[in-house]
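Structural overview
So the chains spell out like this:
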Amino acid sequence: MDNGITRRDFLAGAAAVALASGVRPSAYPAASGPLAEFDYDAVELTGGPLKQQYDRIHAAYLALDNDRLLQVYRERAGLPAPGEPMGGWYGRDGFVPGHSLGQYISGLARIGRTTGDAACATKVAALVEGFAATLGPKDQCFAGPNAVNVWPCYILDKHLAGLMDAYQLTGVAQARDLVPRVFHGALPYIPERGRDRIGKKDPPYDETYVLPESLFLAYELTGDRALYDRAMAYLLDRDYFDPLAAGVNVLPGRHAYSHVIALSSAGKARLVLGDEKYLRAMQNAAHLLQSTQQFATGGWGPNETFIEPHKGQLYASLHTTNDHFETPCGSYAVIKLARYLLCATGDARYGDGLERVVFNGILAVKEPDADGDYPYYSTYGAAAHKVFYPKKWPCCSGTLVEGVADYVKNIYFLAPDGVVVNLYAPSRVKWTEHGTEVTLAQETDYPLRGTVALRVTSAAPIEFALRMRVPGWMAATPQLRVNGKPVHADLQQGFAIVRRRWTSGDTLTCEFPLQFRTEAIDDLHPETVALLRGPLVYVEQNPAEGEAAHASPEALRPEAGTPGAFSSPAGKSTRTYAPFYFVRDEAYTMYAQHG
Ligand SMILES: [Zn+2]
């Protein structure tokens with residue numbers, strides 16, 4: 001897509017939603033850590049599998065019917081409510097009525113900001129206006145009985161995020177006014193203090209601790225002290241952040257997704273309060289996830305619950321459940337955590353974890369259909385299939401669009417003296433270095449091939465540092481070249497750094513050799529392994545029954561005609577292996593005995 005043209009179209013077409021003053025700066029201040037995120041409009045995907053999924057998700061959510069999305073809200077408000085009821089989780093009598101409206105608004109606002117697509121801006125404005133019309137004199141923001149009785153904090157979090165994104169990314173001025181109104185309207189229904197969901201088997205299941213991040217952001221936007229006070233009341237300090245900060249493993253038995261997304265509340269609390277205990281809690285949680293909870297994909301939480309480490313429970317789960325990872329929600333949560341940690345520490349390890357779950361988690365989910373059927377759990381057991389969740393419009397329909405919209409946030413980060421390339425994907429980033437606008441264009445067939453080329457364009461020669469993450473799975477230091485000539489790179493915190501005066505057209509190239517390796521499922525089952533190549537988990541496609549054994553990496557040969565796929569002879573037949581994200585409807589096996 002030609003960003004120049006679409007951005008002009010966007011600005012021309014978006015007169016009705018003129019960008020408000022106070023939109024986000026082009027990057028966040030780096031005061032609280034060595035790196036900062038870019039704004040959504042600084043980065044553009046230009047090709048590859050992430051962009052293919054991004055474009056499909058963009059189209060799918062743009063096609064959602066506004067009347068249907070607003071139907072439960074209008075019906076509750078006693079307004080004419082045209083459109084077919086959504087049903088599923090979202091319906092009036094559903095599990096969480098109207099829950100994901102704010103997330104759909106958020107996702108479309110983020111995609112619109114990145115792509116400049118005026119249709120996203122128009123839809124965001126229409127949904128905010130339609131939602132506002134249902135609030136009534138008491139600013140009642142909940143759609144149905146279960147919304148208000150069971151999940152008010154969970155839903156309020158999504159409303160606030162959607163409204164803030166509509167205002168800050170799309171410029172819908174009305175959304176700014178709705179932030180405090182919706183919060184105060186919700187006050188009669190939300191508890192005064194936070195509570196942990198641990199052990200909760202009966203409603204209300206509500207998850208207060210996911211809210212502080214949004215409440216702090218809303219406080220910063222509006223200056224309304226009540227938002228700040230409620231954020232403080234909902235921080236899960238005593239039961240969760242304090243023990244995590246002290247190095248105590250409090251994960252086992254807890255609800256997986258909600259306690260990972262709660263770490264974003266810790267991330268924001270650290271920035272607002274300046275208390276480094278939140279950083280220690282996040283770092284220790286990330287370490288525990290990676291070292292004791294994680295499947296090869298970067299997923300965790302079989303049956304949505306953290307396991308007891310060193311008891312072989314990940315292995316056992318392969319045979320006892322199909323619900324291994326709540327993938328869109330879990331990926332969204334753990335990728336946000338990784339971005340907070342990357343910015344706070346500048347340590348590439350967090351980029352490694354992010355890469356793993358982007359390519360093997362959210363990128364690898366089943367494509368949603370047009371009527372509310374969505375991916376939810378990924379299955380890592382033998383002879384599995386990618387399936388939809390049995391109920392329509394689940395939680396993962398909200399985090400899927402937000403998580404995919406955030407792909408552009410994961411690729412580049414701003415450093416005080418240049419930029420960081422964290423993820424390898426065809427894309428472009430632009431920023432201003434010492435007053436000069438610089439564009440960096442990345443060309444690559446990663447993750448299927450390991451060659452990456454970064455081309456600099458700038459109006460004048462300009463000095464800055466270019467940092468490339470050296471993936472943690474690499475055995476050796478990569479060779480970097482500028483315009484074909486080897487260059488020296490400093491290695492620091494997992495990044496290779498090339499500092500020089502760049503001239504327009506200069507191209508930095510790097511080769512990351514992709515080799516097969518295996519990873520054990522847990523410490524008690526070293527023979528049960530997943531097959532990986534570079535950042536990708538490979539699965540056996542259409543596995544023969546009763547023969548769950550991986551070919552040895554040495555026996556694998558590239559499959560003619562399908563770049564990225566491999567095969568190996570197995571008796572009279574052939575086994576084929578492909579990246580997990582290639583799988584559509586065929587059966588697959590991820591873990592097998594080391595062959
Ligand atoms: Zn979910």
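Residues numbered from 1 in each chain as written. Predicted model: local features only at pLDDT ≥ 70, side-chain atom pairs only at ≥ 80, totals over all residues. Heavy atoms only, no water.

Distances from the zinc ion to its protein donors, Glu326 (OE), Cys329 (SG), Cys395 (SG) and Cys396 (SG), fall at 2.1 to 2.3 Å. Considering all four donor atoms around the zinc ion, angles at the metal cover 92 to 123° and the coordination shape is tetrahedral. Counting gaps between the donor residues of the zinc ion yields the pattern E-x2-C-x65-C-C. Side by side, Glu326 and Cys329 carry an identical accessibility label, which is buried. (Donors = N, O, S within 2.8 Å, 3.2 Å for Na, K, Ca; no water. Tetrahedral: all angles 85-135°; square planar, octahedral: opposite > 155°, others 65-115°. Buried < 20%, exposed > 50% of the residue type's maximum accessible area, 1.4 Å probe, protein only.)

Counting buried residues in strand E20 (residues 566-570) gives four out of five residues, a clear majority hidden from the surface. Bridge count for strand E19 (residues 557-558) against E20 is two bridges, and the pairing is antiparallel. The residue bridging Arg557 from the neighbouring strand is Ser567, located in E20. Where E20 meets strand E21 (residues 573-579), five bridges bridge the pair, whose relative direction is antiparallel. Each bridged residue has a counterpart across the sheet, and for Ser568 the counterpart in E21 is Arg575. Taking the residues that link successive antiparallel strands as the turn, the E20-E21 hairpin has two residues, and the phi of Gly571 there is positive, at about 65°. (Helix = DSSP H or I, 4+ residues; strand = E, 2+ residues; numbered from the N terminus. Pairing = 2+ DSSP bridges.)

Looking at the protein, pLDDT values average 92 and 93% of them are 70 or higher. Confidence over residues 1-30 falls short of pLDDT 50; this stretch has 48 contacts with residues more than four positions distant or in other chains. (pLDDT = per-residue confidence, 0-100. Contact = heavy atoms within 4.5 Å.)

Here we come to the pattern of salt bridges. Applying the stated criterion across every chain yields a total of 38 salt bridges. With its nearest N and O atoms 3.5 Å apart, the salt bridge here joins Arg455 to Glu443. A residue pair is termed long-range when its members are at least 10 positions apart, and Arg455 in strand E9 (residues 451-458) and Glu443 in strand E8 (residues 436-444) qualify at 12 residues. Arg455 sits in the partly exposed class, given a relative accessible area of 34%. A cluster of three or more residues bridged by salt bridges with shared partners is formed by Glu37, Arg110, Asp165, Arg339, Glu402, Asp406 and Lys409. (Salt bridge = Lys/Arg side-chain N within 4 Å of Asp/Glu carboxyl O.)

The next thing to look at is helix H7 (residues 152-170). Its 19 residues give H7 an end-to-end C-alpha distance of 26 Å, which sits within 8% of 27 Å, the value for a rise of 1.5 Å per residue. At the C-terminal side of H7, Gly171 shows a positive phi close to 80°. (Expected span 1.5 Å × (residues − 1).)

What follows concerns the packing of helix H11 (residues 237-245) against helix H12 (residues 256-273). For the pair H11 and H12, interaxial distance at closest approach is 11 Å and the crossing angle is 75°. Judged by the inter-axis angle, H11 sits roughly perpendicular to H12. Along its contact with H11, which presents Tyr240, Phe241 and Leu244, the element H12 presents His259, Val260, Ala262, Leu263 and Ala266. Here the contact of H11 with H12 is built from residues that sort into seven nonpolar, one polar and no charged. (Axes fitted to C-alpha atoms, helices over the stretch in contact; angles between N-to-C directions. Parallel < 35°, antiparallel > 145°, perpendicular 65-115°, else oblique. Nonpolar A, V, L, I, M, F, W, Y, C, P; charged D, E, K, R; others polar.)

With that out of the way, let us pick up helix H10 (residues 225-234). All buried positions along H10 are accounted for by Leu227, Tyr228, Arg230, Ala231, Ala233 and Tyr234. The secondary structure elements touched by the buried residues of H10 are H7, helix H8 (173-186), helix H9 (212-222) and H12. Capping the start of H10, Asp224 holds a side-chain oxygen 3.0 Å from the backbone nitrogen of Ala226, two or three residues further along. (Polar contact = N/O pair within 3.5 Å; in protein donor to acceptor, adjacent residues only side chain to side chain.)

Here we take up the sheet that holds E8. Spatial strand order, E2-E7-E8-E9-E15-E11-E12: seven strands in an open sheet with antiparallel pairing. The outermost strands of the open sheet, each flanked by one partner alone, are strand E2 (43-45) and strand E12 (485-486). Two strands pair when backbone bridges link them, and E2 and strand E7 (residues 427-433) are joined in this way by three bridges, in the antiparallel orientation. Bridging from a neighbouring strand, Glu44 pairs with Arg428 of E7.

Of the consecutive residues Tyr446 and Pro447, the connecting peptide bond is found in the cis state with omega at 10°. Among the secondary structure elements, Pro447 is positioned in the loop between E8 and E9. Not every positive phi belongs to a glycine, and Ala383 is a case in point at roughly 45°. Tracing the backbone shows Ala383 in the loop between strand E4 (377-378) and helix H17 (395-405). When its relative accessible area of 47% is taken as the criterion, Ala383 is described as partly exposed.

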